[in-house]
Amino acid sequence: MGHESHAGHADHQAHAAPTGHADHQSHAHHTHHTGHAASSGHEGHHASGGTVSWAMAARATLHCLTGCAIGEILGMIIGTALGWGNMPTMVLAIVLAFFFGYALTLRGILSAGVDFKTAFKVALAADTLSIAVMEIIDNGVIALWPGAMDAHLDEPLFWIVLAIALAAAFVITTPVNKWMIGRGKGHAVVHQYHH
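These numbers come from a predicted model, not from an experiment. (Residues numbered from 1 in each chain as written. Predicted model: local features only at pLDDT ≥ 70, side-chain atom pairs only at ≥ 80, totals over all residues. Heavy atoms only, no water.)

Re the nonpolar core
For step 1, the next point in the chain: The biggest cluster of nonpolar side chains holds 27 residues, and the ones touching the most others in it are Met-134 and Ile-142.
For step 2, the next point in the chain: Going through the elements one at a time, helix H2 (54–81), helix H3 (86–110), helix H4 (116–144) and helix H5 (156–182) are the ones with two or more residues in this core.
For step 3, the next point in the chain: In terms of residue count, H4 provides more of this core than any other element does, eight residues in total.
For step 4, the next point in the chain: When residues no more than four places from it in sequence are discounted, the contact partners of Met-134 are Thr-61, Cys-64, Leu-65, Cys-68, Ala-169 and Thr-173. (Core = buried A, V, L, I, M, F, W, Y, C linked by side-chain atoms within 4.5 Å. Buried < 20%, exposed > 50% of the residue type's maximum accessible area, 1.4 Å probe, protein only. Helix = DSSP H or I, 4+ residues; strand = E, 2+ residues; numbered from the N terminus. Contact = heavy atoms within 4.5 Å.)

Thoughts on H5
For step 1, the next point in the chain: Compared with the 39 Å implied by 1.5 Å per residue over 27 residues, the 39 Å span of H5 between its first and last C-alpha is a close match.
For step 2, the next point in the chain: The largest bend in H5 amounts to roughly 30° and is located at Thr-173, with the proline Pro-175 lying one to four residues further along.
For step 3, the next point in the chain: Considered for burial, the residues of H5 that qualify are Phe-158, Val-161, Leu-162, Ala-165, Leu-166, Ala-169, Thr-173, Thr-174, Asn-177, Met-180 and Ile-181. (Expected span 1.5 Å × (residues − 1). Bend = angle between axes of the 7 residues up to and from the residue.)

A word on a nonpolar patch on the surface
For step 1, the next point in the chain: A grouping of Leu-74, Ile-78, Leu-82 and Trp-84 is seen on the molecular surface, where their side chains present a nonpolar patch of about 350 Å² in accessible area.
For step 2, the next point in the chain: Secondary-structure assignment places Trp-84 in the loop between H2 and H3.
For step 3, the next point in the chain: Classification of Trp-84 by relative accessible area gives partly exposed; the value is 40%. (Patch = residues over 30% accessible without salt bridge, like charges linked within 9 Å, V, L, I, M, F, W, Y side chains within 5 Å. Areas by Shrake-Rupley, 256 points an atom, 1.4 Å probe, with all protein chains shown as cover. Salt bridge = Lys/Arg side-chain N within 4 Å of Asp/Glu carboxyl O.)

Some points on the confidence of the model for the chain
For step 1, the next point in the chain: In the predicted model, the chain carries a mean pLDDT of 75, and 69% of its residues have values of at least 70.
For step 2, the next point in the chain: The least confident element of the chain, judged by mean pLDDT, is helix H1 (residues 2–46) at 43; the most confident is H3 at 91.
For step 3, the next point in the chain: When the criterion is pLDDT under 50, residues 2–49 qualifies, and its contacts beyond four places in sequence or with other chains add up to nine contacts. (pLDDT = per-residue confidence, 0-100.)

And the structure:
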């Protein structure tokens, strides 16, 4: 009877041990799974090939648009003040748009402690296509809008058309930036220097 009781006790232990071990394995697996989920979420946020939100693309576009708007308005003010014709003024505005677009990106990268040569290459890679698309749309709207090219800085038409042109450039360039960031290009290159 005592022997049977002892055997029963052994069976109980044998039964308890694997269950406890299985629970432990399950717990370890759960921990590993949680860690993996957190890791992949973190990578997904920073990975250039991950899902790119429209908000991220819009911020990148707005960044370019700010530089473009500063450059264009300054170019038009200078061209008008010097009495230049439409074409030289537009060329100056485009050159300054690229200059200020790159300058804003450069400022951000240089503040991260990157040397100028590297920062300049990153700015070129990040902004060239974005600014080019923006300038084509922006200047296209101004060129095609009746009377816009001849409007002076003190006329409402000038500012209204400029605002519409910049808005159109923003709307059309945002999907371009979203596509580029999703491919690890454009502002995806810049983001790695901000962490």
